[in-house]
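A structural walkthrough
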Amino acid sequence: MVLLLGPSTFFSGGRRRSRELRIAVAGDASTGKSTLIAAMASGSYSESVPPLLPPTRLPHNLFNDSVPLILIDTPSSLDKQGTRNEELKQADAVVLTYDCEERATFERLSSYWLPELRRLEVKAPVVVVGCKLDLRDDSRLVSLESFTAQIMQQFKEVVTCIECSAATMYQVPEVFYFAQKSVLHPVDPLFDYERNALTDRCVRALRRIFVICDQDMDGALNDEELNEYQVRCFNAPLQPSEITRVKRLIEQKVPEGVNYTGLTFPGFIYIHNMYLKKGSTETFWTVLRKFGYDNNLKLRDDCLPVPSKKAPDQSVELTSEAIEFLNGTFRLLDTDKDRSLCPAEVDKLFNTAPESPWNDAPYKDATEKTSMGYASLKGFLSQWALMTLLDPTLSLANLIYIGYSGNPATALQVTRRRSTDRKKQTTERNVFQCYVLGSKNAGKSALLNSFLERPFSDSYTPTTVEQYAANVVELIGGTRKTLILCEIPEDGVSKFLSNQNCLAACDVALFVYDSSDEHSWRKSRDLLERVVRKGELTGYRVPCLLIAAKDDLTPHPRALLDSVKVAQQLGIEVPIHVSMKLDDSSYLYQKIVKAAEHPHLNIPESETAKKRKQQQQFFYQSLMFALVGAAVAAFGLSVSRARAIKKSSVT
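Note that this is a predicted model, so its numbers are computed, not measured. (Residues numbered from 1 in each chain as written. Predicted model: local features only at pLDDT ≥ 70, side-chain atom pairs only at ≥ 80, totals over all residues. Heavy atoms only, no water.)

Turning next to the pattern of salt bridges. Applying the stated criterion across every chain, the model contains 32 salt bridges. For arginine 300, the salt bridge is made with aspartate 302, and the minimal N-O distance between the two is 2.9 Å. Note that lysine 594 and glutamate 597 form a salt bridge whose closest N and O atoms lie 3.8 Å from each other. With lysine 594 and glutamate 597 both in helix H20 (residues 586-597) and three residues apart, this pair spans about one turn of that helix. Overall, lysine 594 belongs to the partly exposed group, its relative accessible area being 42%. Glutamate 597 sits in the buried class, given a relative accessible area of 17%. (Salt bridge = Lys/Arg side-chain N within 4 Å of Asp/Glu carboxyl O. Helix = DSSP H or I, 4+ residues; strand = E, 2+ residues; numbered from the N terminus. Buried < 20%, exposed > 50% of the residue type's maximum accessible area, 1.4 Å probe, protein only.)

Okay, structure coming up:
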């Protein structure tokens, strides 16, 4: 298989970048930094080189990738350390120099320079360069191999170690070739030196590419599919004899790499391993980038057309097309037809993604599971709805990773503004987010667990970070909505409310209190008042519901009376009494969804807001009376004038 190099485009993080590379050259004074740059720029050695060179631009056609290089000479003096540090932070790659005849200069690489780069949080790859090779005394020879092994093991950011001589021009171009290559075609994302194998993320990317190319889905690439892969990546077809030769070679090295149909996945892996062993990282990255990968082996941003929200009170949901795809995917994975996915089946779903997105917070344990701990269809779809709400880019990327073949631009949709929904007194949303607030030990976590149909537990563990619970709620008439509960810990409320847009993404706010504890009620009442004030100040007023939890206990009389009074004063529904212990909360979630579907109701109004509203109404009424009075006066004046004119004309 051949590699054809086209115009260079390189990728850092998720962005496509077509520009020059900045290579900062740093190291101790008199190690040969400026001389190295001057020799590279002029193609010859000069004894009279200024102590600090200005930025030096190399021609774009110097190497095959056709990317211009800008070499940055950095000062070594302490008084210019700030300038040096800024250049290092902006560099795409760093060349660290030492003097081949001065042992102390390369010892300082590990004692000062490399730790300094870490302190500055420089993420660029590093090429270690020994200068003045022609002057080295062989009697004081330091083994480059032993030095390389030691420094590269300790500092993973070091990608290459090389020695050169500006006086003889020995390996001077190679220094900057390796620096450029470390940015355009990095090895670390592809190969794990400790395991001596491809990285897990690299194998996952290759598996996705293999699945895409395996159009007949028979687990092997036939000759036609191999040829299409070759043309897609390198713009050049393979001759039948070349395909036969490649398959014969693979069969000799990896017997399971070829079957009667064609090239299997182990054989596909072997081909790409050969690229690395031959040092052809350019070839490997050409393949990956043709399929949309960046240097982190994730899909680039330009491959993810996520619709943008124009206002904070909008949210992103899956379209019906994407949900239909996920339903079909669930059925395909559910090979034993038990209407649930075991952990192994979920892992199989994401074996073409960089990693499973659901292994960590906030997605782990956020949805309904069966008694065996398997994902139900409701839990599966709710998990996707939660991920789409919280991180639309991650959701779209994973849809593509697992095989979504539709137009990515039609997989997600932005909802109408919540403020517009309240004005229109209706909503078209299919996913509602509900914030759950209350005092410690009020029953918030029990509410979330009950929503996910988990058994009640008397043990109490304080919530310290936001927790999510997502599930599908079936309404009367068969309508289904996804409800996402977000528990906000009591200690995190102040930080939460300090965000100006904290209520923008909220459809309903729940205030949970222990109905048997007056202190718990007072705390929830205080939280309710704070949220009401925040909503009135920011314009993001939300429907609010009071939840009297632990209804199996004897209610506190004052809390019982006061809660009803507060609800009436604010103009919201009276407290909803539930007991998670008695498992009588199922109707509660339907009430929450109903409140979200009627976003103009249950919006509390403080006394200050009521007075302001009355003042505005009085002002408008006064203004209306004044306008009517003025109109009547004007009309009367017009009539008087008309009569006077008529009278004078008769006279």
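On we go.
To continue, consider the side chain of asparagine 295. Here asparagine 295 shows up in the loop between helix H10 (281-290) and strand E11 (316-318). Judged by relative accessible area, which is 13%, asparagine 295 ranks as buried. Polar contacts involving the side chain of asparagine 295 include one to the main-chain carbonyl oxygen of valine 183, which spans 3.1 Å. At a separation of 2.5 Å, a polar atom in the side chain of asparagine 295 contacts the side chain of arginine 289. (Polar contact = N/O pair within 3.5 Å; in protein donor to acceptor, adjacent residues only side chain to side chain.)

As for its position among the elements, glutamate 163 is in strand E8 (residues 158-163). According to the relative accessible area criterion, glutamate 163 is buried, its value standing at 9%. A distance of 2.7 Å separates polar atoms of two side chains, one belonging to glutamate 163 and the other to arginine 136.

Let us look at unusual backbone geometry. Each neighbour pair has its own omega, and for alanine 361 with proline 362 the value is 5 degrees, a cis peptide bond. The backbone of arginine 339 shows a phi angle near 60 degrees, a positive value even though the residue is not glycine. Within the element layout of this structure, arginine 339 appears in the loop between helix H11 (320-333) and strand E12 (340-341). Here lysine 550, not a glycine, exhibits a phi torsion of approximately 60 degrees, which is positive. Assessed through its relative accessible area of 22%, lysine 550 is described here as partly exposed.

A word on the sheet that holds strand E5 (residues 69-73). Read from one edge to the other, the open sheet built from six strands follows the order E4-E5-E3-E6-E7-E8, with strand pairing classed as mixed. Unpaired on one side and paired on the other, strand E4 (56-58) and E8 mark the two borders of the sheet. When strand polarity is set aside, the average angle formed by the axes of neighbouring strands in this sheet is 25 degrees. Pairing between strand E3 (residues 21-27) and E5: five bridges, direction parallel. Bridge pairing in E5 places alanine 24 opposite isoleucine 72. (Pairing = 2+ DSSP bridges. Axes fitted to C-alpha atoms, helices over the stretch in contact; angles between N-to-C directions.)

Per the UniProt record, "domain: EF-hand" (unreviewed entry) is found at residues 321-356. Across residues 321-356, the secondary structure splits into 56% helix and 6% strand, with the terminal C-alpha atoms separated by 23 Å. (UniProt positions renumbered as here; feature names shortened; annotations may be inferred.)

Right, let's talk about the sheet that holds strand E19 (residues 544-549) for a bit. Across the sheet, six strands lie side by side as E16-E17-E15-E18-E19-E20; this open sheet has mixed pairing. Unpaired on one side and paired on the other, strand E16 (467-474) and strand E20 (576-577) mark the two borders of the sheet. The pairing of strand E15 (residues 431-438) with strand E18 (residues 508-514) spans five bridges and is classified as parallel. Bridged to valine 436 within E18 is leucine 510. This element, helix H18 (residues 518-538), spans E15, E18 and E19 of the sheet and lies at about 160 degrees to E18. Of the strands in this sheet, E15, E16, strand E17 (480-487), E18, E19 and E20 are in contact with H20, which crosses E17 at around 100 degrees. (Contact = heavy atoms within 4.5 Å.)

Look at helix H6 (residues 200-213): 20 Å from first C-alpha to last across 14 residues, which is about the 20 Å you get at 1.5 Å a residue. The complete set of buried residues in H6 reads Cys202, Arg204, Ala205, Leu206, Arg208, Ile209, Phe210 and Cys213. On its buried face, H6 is in contact with strand E10 (197-198), helix H7 (223-234), helix H9 (265-277), H10 and helix H14 (392-401). (Expected span 1.5 Å × (residues − 1).)

This brings us to the packing of aromatic side chains. Evaluated as defined, the whole model comprises 18 aromatic pairs. Judged by centre distance (5.6 Å) and plane angle (65 degrees), the rings of phenylalanine 210 and phenylalanine 265 are edge-to-face. Taken together, the residues phenylalanine 210 in helix H6 and phenylalanine 265 in helix H9 connect sequence positions 55 residues apart. Residue classification places phenylalanine 210 among the buried positions, given a relative accessible area of 6%. Assessed through its relative accessible area of 17%, phenylalanine 265 is described here as buried. Between phenylalanine 380 and tryptophan 384, the ring centres sit 6.5 Å apart and the planes meet at 70 degrees, which makes this aromatic pair edge-to-face. With phenylalanine 380 and tryptophan 384 both in helix H13 (residues 377-390), this residue pair falls four residues apart, about one helical turn. There is no split in this pair, since phenylalanine 380 and tryptophan 384 are both buried. (Phe/Tyr/Trp six-rings, centres within 6.5 Å; stacked < 30°, edge-to-face > 60°.)

Across soluble globular proteins, nonpolar side chains show a tendency to be buried alongside one another. With 102 residues, the main nonpolar core has Ile209 and Trp384 as its most contacted residues. Here this core takes eight residues from H9, the largest share from any one element. Not counting residues within four places of it along the chain, the set of residues in contact with tryptophan 384 comprises Leu318, Leu326, Phe350, Trp358, Ser395, Asn398, Leu399 and Ile402. In this structure, Cys434, Leu510, Ile547 and Ile592 belong to the second largest nonpolar core, which totals 28 residues. (Core = buried A, V, L, I, M, F, W, Y, C linked by side-chain atoms within 4.5 Å.)

So, on to the environment of leucine 226. Secondary-structure assignment places leucine 226 in helix H7. Sequence separation between leucine 226 and proline 237 is 11 residues; the distance between their C-alpha atoms is 9.2 Å.

Close contact between H13 and H14 brings their axes to 5 Å; oriented N to C, the two are set at 130 degrees. The angle between H13 and H14 places the two elements in the oblique class. Where H13 abuts H14, its residues Trp384, Met387, Thr388, Leu389 and Leu390 lie against Pro392, Leu394, Ser395, Asn398 and Leu399. For the contact of H13 with H14, the per-class residue count stands at seven nonpolar, three polar and no charged. (Parallel < 35°, antiparallel > 145°, perpendicular 65-115°, else oblique. Nonpolar A, V, L, I, M, F, W, Y, C, P; charged D, E, K, R; others polar.)

Within E17, seven of the eight residues are buried, leaving the element largely enclosed by the surrounding structure. For E15 and E17, the ladder comprises six bridges, and the chain directions are parallel. Bridged to phenylalanine 432 within E17 is leucine 483. Once E16 ends, the chain turns through five residues before running back antiparallel as E17, passing glycine 477 with a positive phi of about 100 degrees.

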